[in-house]
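Structure at a glance
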Amino acid sequence: MDLTFVFPCLNESRTIALCIDAVRKSLDADSSLKYEIVVADNGSTDDSRQIAKDRGARVVPVPTRGYGAALRGGIEAAEGKYVMFADADGTYFYENSLELYKTTSKADADMGIASRMKGVIEPGAMPTLHRILGTPVLTGLINLLFKGKLSDCNSGFRCLKKTAYQTWDIRASGMEFASELLIKALKKKASTVEILSGLRPPPVERTPHLRTWRDGMRHLLFILSERPRMFELGGLLLIILASVLQGIAGTTGLVNVGGLNIFGVHSQVLLLLAALVGTQIYMLSAAMFLQKSEQPRTITRKLIEMDEGSLFFLLVALLSSISLVIGWLVLQWTRSNFAGLDYANTLIVWLHFLAVPSMVAFGMLGVHILRKGKL
């Protein structure tokens, strides 16, 4: 079998026949092409399955719900060397099926993408927000972080070499499947090609499965989750820079530079905030490394692998130091008959250099708990 065309399907009885017929018409133009059409049914309660069978498609039940789950089930069941898929809502240019297959197979590419953004998007086919913000931003982010040259990361019309796909370890069950497929392929240095295609409005009224903000956030979260070292480096740099400047502020006090007063209490508060944000970003990366095969930098690896006894004594030392500072402050307040105190600058410095390591230590406590849960 040269090609398997997979349609993910959930209650598409009003459009599935149209889609199957359009794909078959395109592929039949090459009489030598051996292909099959598979409908990966995701629990339809209408006549979708029977209509698909009547049109000569093979129906594969996929009990796990979700766009990605349906496609994964259909691809796993495919018998073709190449697997092509598109939504069954009647919106894609299914007449481009043969062109997409030939372009992909001729180039011996691992993935072929039918780009909507370079093709014709008919009026009403794509919401303006998706067209000018969602897809371009996510595509640009994937290209930037994973060195891609894509024009449409959200195209649901693609052709894959099945042997390559099987090495990518695709796991997503939702709409983020589209991003995971591209990112895993790019990380594996897979070859990709594009053809010009497009998008048309659905031929019938239907409730879309896509939920703009939820699914857009899922795509974004997955994209970012594949770059833990970016968060690690950004967090460390922010912590170090803010801490160095805080140390200078604590030493010099308020200074005038070029007519600007810096290193006063307001500057110190902002530096403390920057360090805390950096710490949160850094701890996020440490948690992400638990889920990824990517290796952290030496300092992060040593913290993640820290002996539990060392972690215990570190937490005790930090909590004791914080208690001492609080005790000292209460003592000074008592000596002044509970009047106002003027220790803001000094207190911010102490707070900075106690809060940051404390947040790291408690963050690592959480990381160690997660590690134990994975064993």
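Before going into details, it helps to say that this report is about the structure given with it. (Residues numbered from 1 in each chain as written. Predicted model: local features only at pLDDT ≥ 70, side-chain atom pairs only at ≥ 80, totals over all residues. Heavy atoms only, no water.)

Attention now moves to the overall build of the chain. On a plain count of helices and strands, the chain comes out with 13 helices and nine strands. Taken over C-alpha atoms, the radius of gyration comes to 28 Å for the chain, far larger than the 21 Å a tight globule of 375 residues would show. Each principal axis of the C-alpha atoms in the chain carries an extent, and together these give about 95 × 50 × 40 Å. Taken over 375 residues, the chain has a buried fraction of 47%. Contacts spanning at least 24 positions in sequence make up 76% of the contacts within the chain whose residues lie at least 6 apart. Accessible surface, the chain as shown: approximately 19,000 Å² in total, 61% of it carbon and sulfur. Across the chain, 41 positive and 33 negative side-chain charges occur, with their mean positions spaced 5 Å apart. (Helix = DSSP H or I, 4+ residues; strand = E, 2+ residues; numbered from the N terminus. Rg over C-alpha atoms; globule rule 2.2 N^0.38 Å. Buried < 20%, exposed > 50% of the residue type's maximum accessible area, 1.4 Å probe, protein only. Contact = heavy atoms within 4.5 Å. Areas by Shrake-Rupley, 256 points an atom, 1.4 Å probe, with all protein chains shown as cover. Lys, Arg positive; Asp, Glu negative; His and termini not counted. Charge placed at Lys NZ, Arg CZ, Asp CG, Glu CD.)

Looking now at the pattern of salt bridges. Any two side chains of opposite charge can pair, given that their charged atoms come close. Throughout the structure, instances matching the rule amount to 13 salt bridges. For D152, the salt bridge is made with R116, and the minimal N-O distance between the two is 2.7 Å. Here D152 is found in the loop between α5 (128-146) and β6 (158-161), whereas its partner R116 is found in strand β5 (residues 111-121), with 36 residues between them in sequence. Judged on exposure class, the residue D152 and its partner R116 are both buried. (Salt bridge = Lys/Arg side-chain N within 4 Å of Asp/Glu carboxyl O.)

Let's shift gears to the environment of A17. Relative to the elements of secondary structure, A17 occurs in helix α1 (residues 16-27). Separated by 38 residues in sequence, A17 and R55 have C-alpha atoms that sit 6.8 Å apart. The contact partners of A17, leaving out residues within four places of it in the chain, are I51 and R55.

Below, the discussion takes up the environment of F146. Inspection of the secondary structure assignment puts F146 in helix α5. In this structure F146 comes out as buried when scored by relative accessible area, which is 5%. With sequence-adjacent residues up to four places away left out, F146 is seen in contact with I183, L186, K187, I223, E226 and R227.

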